[in-house]
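Chain and residue survey
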Amino acid sequence: METAVRIDSRFPDMGTTIFTVMSRLAAECGAVNLSQGFPDFQAEPALFDAMHRHMLAGRNQYPPMAGLPELRQAIADKVAALYGTRFDVESEVTVTAGATQAIFTAVAAFVRPGDEVIVFEPVYDSYVPAIETVGGKAVHAQLQFPDYAPDWAQVASLITPKTRMIIVNSPHNPTGSLLTAADVDRLAELVRGTDIVILSDEVYEHILFDGERHVSLCGHPELAARTIVVSSFGKTYHITGWKIGYVVGPAALMAEFRKVHQFNVFTVHAPSQLAIAEYMQDASRHLGLAAFYQEKRDFFRQLMAATPFELLPCRGTYFQLARYDRISDLPDRAFAEWLTREVGVAVIPVSAFYADGRDDNVVRFCFAKREETLRAAVERLGKAFPAKSQL
Ligand code: PMP
Ligand code: GLN
């Protein structure tokens, strides 16, 4: 249909998110999809049974704006058990429609036109559009290639009187790097005495490997007092399509968050909240996630060792970065498209996470897949590229 109005696009240069682009291409080409991050296996039936039971029991009307008390209680208990900080169930915990909505809402609540927000590149793709939608300006700090650690001296140099927020993400998508306790102390020093709010994206909080412990900003009393922490049940319980997550933070920050949240989504799907509240009671379900994904990481890395891809360290998340310089000198977007079309394995080009399209010839594989899926993908790679020993 023709449009009857002249559109003054808010984002004239913005395309479709790389995750949608690559998943669509994978489907078109019949490629094994290791691009967009989602599991190709089922959650446990107990979770679905619980959801069904709550629907049949009539729990299908609007829950309270901040989320059902049962779920907020379960979240507060989990956070207290893991990170030692007890958030008030009434005023400091809010259930959201996934982490994306939480991030958008937090940015809208705190960032005004002209404010600066420091983000770390490579940066998860929803942060900068959220900042720009509300008239803020994203200021890019760099995680240092190839270990992707923050450069705190650079961050210090980027802080100005206009800095309103810093967004951190650990475990980090797409790099699998982690913030250490020393990083978090350094961040605390940098923001001490300022009014900078921290938004901490911790959606992979339960997926850390080799005995590493997640350093939540909730567990740092000084930072917790100025931080909104975001998490997502999609990652933790293998239900990315349910779009349900939460935020925790000090009451005064949460009150501002909720002013936006109530007119953004108002509230979130009731039966899912009840099902998750029940499911969370067994802590082994989130505590066992690290071992579950470590097995997949190790299995995938072992298979990949026979290909010419050069694997970067992966300390957390369900993403594995790999350099492909030994295979191709194509730019990473062209390489990812070629790999999808010609080899039949879809990946994400890491330049998509840089404002200036910086390209280190690195692509991201998602290993949240069944063993047969990972094996099928690596078999295709093995056929397409000569073994390392032959190079
Ligand atoms: N932040 C990061 C770092 C993510 O990787 C994702 C999803 N992959 C999100 C936020 C969004 O989570 P949700 O699907 O719950 O909106
Ligand atoms: N966050 C997921 C990823 O990194 C994708 C989520 C989405 O498609 N928006 O792949």
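Remember, predicted model here, so these are calculated numbers, not experimental data. (Residues numbered from 1 in each chain as written. Chains lettered and ligands numbered in written order. Predicted model: local features only at pLDDT ≥ 70, side-chain atom pairs only at ≥ 80, totals over all residues. Heavy atoms only, no water.)

**Regarding the packing of aromatic side chains**
Each aromatic ring pair is specified by the distance between its two centres and by the angle formed by the two planes. To keep things clear, this is the line we draw: Pairing of aromatic side chains requires ring centres within 6.5 Å, counting the rings of Phe and Tyr and the six-membered ring of Trp. Pairs whose planes differ by under 30 degrees are stacked, by over 60 edge-to-face, and all others tilted. Only runs of H or I of at least four residues qualify as helices and only runs of E of at least two qualify as strands under DSSP, and these elements are numbered from the N terminus. To sort residues, take the accessible area from a 1.4 Å probe on protein chains only and compare it with the maximum for the residue type: under 20% means buried, over 50% means exposed, and anything in between is partly exposed.
This model, assessed by the stated rule, comprises 26 aromatic pairs. Ring geometry for Phe19 versus Tyr124: centroids 5.9 Å apart, planes at 20°, classification stacked. You can see Phe19 sitting in helix α1 (residues 18-29) and its partner Tyr124 sitting in the loop between β3 (116-121) and α5 (127-133), a full 105 residues away along the chain. In this structure, Phe19 and Tyr124 share a single accessibility class: buried.

**A word on the site of ligand 1**
What counts, and what does not: The rule for a residue being near a molecule or strand is that one of its heavy atoms must lie within 4 Å of it. Think of a polar contact as two N or O atoms within 3.5 Å of one another; within protein, one of them needs to be a possible hydrogen donor and the other a possible acceptor, and neighboring residues in sequence only count if both atoms come from side chains. Per-residue accessibility takes into account occlusion by the displayed protein chains alone, with areas from the Shrake-Rupley method and a 1.4 Å probe. For each structure, a 1 Å grid was placed over the protein atoms alone; sets of points admitting a 1.4 Å probe that cannot get out are labelled cavities, open sets with protein on both sides within 12 Å along at least five of seven lines are labelled pockets, and lining residues have an atom within 4 Å of a point. A pocket or cavity is taken to hold a molecule when more than half of that molecule's atoms are within 2 Å of the pocket's grid points. Residue polarity is assigned by list, with Asp, Glu, Lys and Arg as charged and Ala, Val, Leu, Ile, Met, Phe, Trp, Tyr, Cys and Pro as nonpolar; anything else, Gly included, falls into the polar class.
Taken together, 13 residues lie around ligand 1, and Thr100, Asp201, Tyr204, Lys235 and Lys243 are the ones closest in. The separation between an oxygen atom of ligand 1 and a polar side-chain atom of Tyr204 is 2.6 Å. Here ligand 1 has 390 Å² of accessible area as a free molecule, and 93% of this is covered by the chains. Placement of ligand 1 is best described as lying within the largest pocket. The element that contributes the greatest number of residues to the shell around ligand 1 is helix α4 (residues 98-110), accounting for four residues. Tallied by class, residues from the shell around ligand 1 come to five nonpolar, five polar and three charged.

**Topic: the packing of α4 against helix α10 (residues 251-264)**
How we decide: Comment: axis = line fitted to C-alpha atoms, over the contacting stretch for helices; angle = value between 0 and 180 degrees taken between N-to-C directions. Comment on the angle field: the value is read as roughly parallel under 35 degrees, roughly antiparallel over 145, roughly perpendicular from 65 to 115, and oblique elsewhere. Note on convention: near helix rotated counterclockwise from far helix by under a right angle means a left-handed crossing. Clockwise means right-handed. Contacts were defined at the residue level, with two residues in contact if any of their heavy atoms lie within 4.5 Å.
Following both chains from N to C, one finds α4 and α10 inclined at 115°, their axes separated by 8 Å at the closest point. In terms of orientation, α4 and α10 fall into the roughly perpendicular class. Here the hand of the crossing between α4 and α10 comes out right-handed. Facing Gln101, Ala102, Thr105, Ala106, Ala108, Ala109 and Phe110 of α4, the residues of α10 in contact are Leu253, Glu256, Phe257, Val260, His261 and Asn264. Tallied by class, residues from the contact of α4 with α10 come to eight nonpolar, four polar and one charged.

**Overview of unusual backbone geometry**
Note the cis peptide between Phe145 and Pro146, where omega equals 0°. For Pro146, the position within the fold is in the loop between β4 (137-144) and β5 (149-150). Residue Pro174 is reached from Asn173 by a cis peptide bond, and omega for that bond is 15°. Following the sequence through the fold, Pro174 ends up in the loop between β6 (163-169) and α7 (181-191). One non-glycine residue, Phe266, lies in the positive phi region at around 65°. Along the chain, Phe266 turns up in the loop between α10 and α11 (270-279).

**With respect to the domain arrangement of the chain**
Accessible area lost when the parts come together is the quantity often used to give the size of an interface. So the rule is basically this: Segmentation of the chain into domains, including their bounds, is taken from an automatic or database domain assignment. Buried area, as used here, totals the accessible surface that two parts lose on assembly, with accessibility defined by a 1.4 Å probe and the loss added over both. Salt bridge criterion: a side-chain nitrogen from Lys or Arg within 4 Å of a carboxyl oxygen from Asp or Glu.
The assigned domain composition of the chain is domain 1 (18-43 + 287-384) and domain 2 (45-283). On a C-alpha basis, the centroid separation for the pair domain 1 and domain 2 is 26 Å. If you look at the interface, domain 1 gives 35 residues, while domain 2 gives 36 residues. Between domain 1 and domain 2, the buried area comes to about 3200 Å², and carbon and sulfur atoms account for 61% of it. When the buried area of domain 1 at its contact with domain 2 is split by residue, Ala43, Arg315 and Phe353 rank highest and sum to 24% of it. At the surface where domain 1 touches domain 2, the tally comes to two salt bridges. Where Glu212 meets Arg315, a salt bridge forms, and the shortest distance between an N and an O atom there is 3.0 Å. For the pair domain 1 and domain 2, the interface holds 13 residue pairs in polar contact (both at pLDDT 80 or more). For the side of domain 1 that touches domain 2, the secondary-structure elements that each account for two or more residues are α1, α13 (289-304), β11 (319-323) and β14 (362-366).

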